[in-house]
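# A closer look at the structure
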Amino acid sequence: MTASVKKSADAEPAYSSAANDLRSDTFTTPTKEMLESVIHASIGDAVYNEDLDTIALETTVARLAGKEAGLFCVSGTLSNQIGLRTHLFQPPYSILCDYRAHVYTHEAAGLAILSQAMVTPVIPSNGDYMTLEDIKAHYVPDDGDIHGAPTRVLSLENTLHGIVYPLEELIRIKGWCLDNDIKLHCDGARIWNAVVESGVSLKQYGEIFDSISICLSKSMGAPMGSVLVGNSKFVKKCNHFRKQQGGGIRQSGMMCRMALCAVNGDWKTKMKHSHKLAHDLADFCKKHDIPLESPADTNFVFLDLQKAKMNPDVLVKKGLKYGTKLMGGRVSFHYQVTNETLENVKLAVLETFEYAKEHPFDTNGPTKIYRSESTDFDIHGNPISDIKTYKY
Ligand SMILES: Cc1ncc(COP(=O)(O)O)c(C=O)c1O
Ligand SMILES: C[C@@H](O)[C@H](N)C(=O)O
């Protein structure tokens, strides 16, 4: 099936904005309001806790989460790593998480290296999110058995692969953690999405989790950063580990001022827009029997490439053919994505699905969730000549 690319007359050329970028919500670009706010940013040294906009962001986000304190981190990775490290005391110890968790799969073995922690990755029995039963079946009890590394922290992600963690399950897990003296951390890279889709407030999540890494650089659209929230004693120690790991930056007010534009802005509308687009694509896939890997609760649509025998490289090329940027089976929506891009990515996905019927692709080894190098050849080494290739 081929169709003409739908582009508005004033469409910006590809690669000049995030309007056509579905690779990740990390590609959101700062708004004019954010950039103009920088000129008014405070310029204190944040290492000495003297930067007013940094303090404003930390206290604002902590208050929203109902926590005593917050710490600005330049990335979600740093925020997760120092948060988890701070919950850990005397090795040997372990952290239990979902086998897809970013802290396990995409933070460069930070838990092993920076925290000397063993990780227990768990495949949820329901295929979507870990239940308390999954956790009980895999955690390492602190029962004196010298063979084990007791579970000290449970690290959950909300959303995980775009899936909203059911509140009642979180409450069950929290009760068990309290009974077993296990800390509960949330990788909240997309917690704002979870809040909007579930109706659960950030404060309610704050009552459940001992710490939350709250990202500002994904669907919120700030250029960088996260705020790690928890009680004052915890955040004070996090600050120590942040300095140790080189995260004690100086005039962070400029970044925090831009992030405050997002936090004080209408972020709920932003999230709803991206969820609407994702739900629309998910419905389209359902209509065309294109399998999905997980429910499209929020801003992500995870195509089940293996089940559909779809080649991620072909998908990337088809995406580019229709003026959209993809990098694999995860189609990531955010508030800057346009309806035109949605219609174009539908064409790309459907054409890839049809192409797979004639050219089935079997993933040889683990599918990279986030990254697929677009290639010029299919698995038989034949050139994929009918699709123009860009390198980006
Ligand atoms: C679920 C999740 N957690 C944490 C991170 C890390 O955030 P950052 O890229 O700012 O280090 C990401 C990636 O952006 C993510 O997708
Ligand atoms: C690639 C990964 O680290 C990033 N957090 C994303 O979701 O795109």
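Computed from a predicted structure; not experimentally measured. (Residues numbered from 1 in each chain as written. Chains lettered and ligands numbered in written order. Predicted model: local features only at pLDDT ≥ 70, side-chain atom pairs only at ≥ 80, totals over all residues.)

### Some points on the domain arrangement of the chain
Annotation of the chain at the domain level lists domain 1 (1-29 + 266-392) and domain 2 (44-250). Taken together, the contact between domain 1 and domain 2 spans 20 residues of the former and 16 residues of the latter. Listing elements by their share of the side of domain 1 that touches domain 2, those giving two or more residues are α12 (267-287) and β8 (300-302). Top contributing element to the side of domain 1 that touches domain 2 by residue count: α12, with seven residues. Taken together, the residues of the side of domain 1 that touches domain 2 sort by class into seven nonpolar, eight polar and five charged. (Domains from an automatic or database assignment. Contact = placed C-beta atoms within 7 Å. Helix = DSSP H or I, 4+ residues; strand = E, 2+ residues; numbered from the N terminus. Nonpolar A, V, L, I, M, F, W, Y, C, P; charged D, E, K, R; others polar.)

### Quick word on helix α15 (residues 339-358)
For α15, built from 20 residues, the straight-helix expectation of 28 Å at 1.5 Å per residue is met to within 8% by its first-to-last C-alpha distance of 30 Å. Of the positions making up α15, those classed as buried are Thr341, Asn344, Val345, Lys346, Leu347, Ala348, Val349, Glu351, Thr352, Phe353 and Tyr355. Those residues of α15 that are buried are in contact with α12, α13 (305-308), α14 (312-321) and β9 (330-332). (Expected span 1.5 Å × (residues − 1). Buried ≥ 20, exposed ≤ 12 C-beta atoms within 10 Å, placed from the backbone.)

### A look at the sheet that holds strand β5 (residues 183-188)
Strands sit in the order β1-β7-β6-β5-β4-β2-β3 across an open sheet of seven strands; the sheet is mixed. Every other strand in the sheet has two partners, leaving β1 (69-73) and β3 (118-122) as the edge strands with one partner each. Strand-to-strand twist of the sheet, defined as the mean angle between neighbouring strand axes without regard to direction, takes the value 20°. In the packing of helix α2 (residues 52-64) onto the sheet, contacts are made with β1, β6 (211-215) and β7 (226-230), and the angle to β1 comes to roughly 125°. (Pairing = 2+ DSSP bridges. Axes fitted to C-alpha atoms, helices over the stretch in contact; angles between N-to-C directions.)

### Describing the environment of Lys233
Looking at the secondary structure, you find Lys233 in helix α10 (residues 232-244). The exposed category is assigned to Lys233, around which 11 C-beta atoms lie within 10 Å. Remark: the alpha-carbon pair of Lys233 and Ala69, spanning 164 residues in sequence, is separated by 8.7 Å.

### A few points about the UniProt feature "modified residue: N6-(pyridoxal phosphate)lysine" (unreviewed entry) in the chain
Taking the UniProt record as the reference, the feature "modified residue: N6-(pyridoxal phosphate)lysine" (unreviewed entry) is found at Lys218. Assignment of secondary structure puts Lys218 in the loop between β6 and β7. The exposure class assigned to Lys218 is buried, which follows from the 23 C-beta atoms found within 10 Å. Apart from residues lying up to four places away in sequence, Lys218 is in contact with Asp25, Thr26, Ala189 and Arg190. (UniProt positions renumbered as here; feature names shortened; annotations may be inferred.)

### Some words on α2
For α2, built from 13 residues, the straight-helix expectation of 18 Å at 1.5 Å per residue is met to within 8% by its first-to-last C-alpha distance of 18 Å. Restricting attention to buried positions, one finds in α2 the residues Asp53, Thr54, Leu57, Glu58, Val61, Ala62 and Leu64. One face of α2 carries all of its buried residues, which in axial projection span an arc of 165°. Looking at the buried positions of α2, the neighbouring elements they touch are β1, α9 (202-208), β6, β7 and α11 (253-263). Gly66, located one to two residues past α2, shows a positive phi value of around 70°. (Arc of directions from axis to C-beta.)

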